Amino acid sequence: MTATVALSLIPVHAAAAAPAPHAPFCYGEPSTPAADISDLKARFSATNWMPTLQEMYRRRWPSGEKLAIAQEKDKYWDQFVNKRNFEGFAESMMVAIHEETHMWDLDPARTRWDVHTASWINASQQATTVPLHGGFARREILPLITDKLSDSMDGIYLRDSQQGTYKLQGVLAELNAGLMGLPAATVVQEHIKGVGASNARDIAATNLRYLLLYLRIAKDKHPDYWAKIKNEPKLRELVLTQFLRTAYWLDKSAPYADKLGSPDADKITASNYSAANIAIVEEFTGATVRRDTDKHCTT
């Protein structure tokens, strides 16, 4: 159900506490994409895919290994994993890790839909009980999208009659899953021969677009809600982490852009650094983000 919020002539959001200023820092996490996994490829089979998955990521991307261990008993893994050969297996990791991130994040033990959420960020960092305060339907951001760069995803997540009603919970969940699916494919890119991971960079860039536009609509059209979320330090910290993390993995994956994304991914990223988008992330988080080659850093 979508509620209509009347705009006030009084800037209610101005009463929100200003975010505390941040000391400069950069997002990063361990990955060794050149680590040898030839032995794992040689002995891969449909019966040893889970230990192969864990060992592959232990060597190349520990966050993937730890997530796989945490989700090892999930009964849905099978439907996401291609077990026919190692190349298909590597290619399927973008979707498999994306979906298992959803499974971890949205487990009812961690997340109460539209009340508080969780996000698996990396092997040593997980955000839990991040307050959401409900929100408004994410389809409200559509008027701010004036190009066709994310049109196929807009149709799924914004224009769809059900998906379009999801609130901040849905925006954050899709971004976090996209930010796991992208490195999952990036660190095994040399084994990917098909198109199963060919939109990994687009997914990350587009879901960051949605988050930035959602914050802009919150401030401009839902001042009461803006005041609530701006007063939540854990939510502000998560938004900043995800902004920097998106920059980090888009940069790491850039050399493989031809197989992990379309040219639109970089165009969407450029739009994410528009003056209005930078202003909203900086106002919301209290941090100043870098626009140079170190976009995964604050100043």
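Residues numbered from 1 in each chain as written. Predicted model: local features only at pLDDT ≥ 70, side-chain atom pairs only at ≥ 80, totals over all residues. Heavy atoms only, no water.

Further remarks concern the environment of Glu283. With respect to the element layout, Glu283 can be found in helix α13 (residues 275-285). Residues Glu283 and Gln79, spaced 204 residues apart in sequence, show a C-alpha to C-alpha distance of 42 Å. A distance of 2.7 Å separates polar atoms of two side chains, one belonging to Glu283 and the other to Lys219. (Helix = DSSP H or I, 4+ residues; strand = E, 2+ residues; numbered from the N terminus. Polar contact = N/O pair within 3.5 Å; in protein donor to acceptor, adjacent residues only side chain to side chain.)

What follows is about the packing of aromatic side chains. Note on aromatic pairs: each is described by the distance of the centres and the angle between the planes. Summed over the entire model, instances satisfying the criterion amount to 13 aromatic pairs. Between Phe44 and Phe89, the aromatic rings sit 4.8 Å apart at their centres with planes inclined by 35°, giving tilted as the arrangement. One end of the pair, Phe44, is in the loop between α1 (38-42) and α2 (49-60); the other, Phe89, is in helix α5 (residues 86-105), with 45 residues separating them in the sequence. Taken as a pair, Phe44 and Phe89 share a single burial class, namely buried. On the numbers, 6.0 Å between centres and 85° between planes, the contact of Phe136 with Tyr225 is edge-to-face. In this pair, Phe136 sits in the loop between β2 (125-131) and α6 (151-157) while Tyr225 sits in helix α9 (residues 223-230), placing the two residues 89 residues apart along the sequence. A single burial state applies to Phe136 and to Tyr225, both of which are buried. Site record: aromatic cluster; members linked through ring pairs are Tyr27, Tyr248 and Trp249. Across the ring face of Tyr273, the terminal group of Lys295 is positioned such that the distance to the ring centre comes to 5.5 Å. (Phe/Tyr/Trp six-rings, centres within 6.5 Å; stacked < 30°, edge-to-face > 60°. Buried < 20%, exposed > 50% of the residue type's maximum accessible area, 1.4 Å probe, protein only. Lys NZ or Arg CZ within 6 Å of the ring centre and 35° of its normal.)

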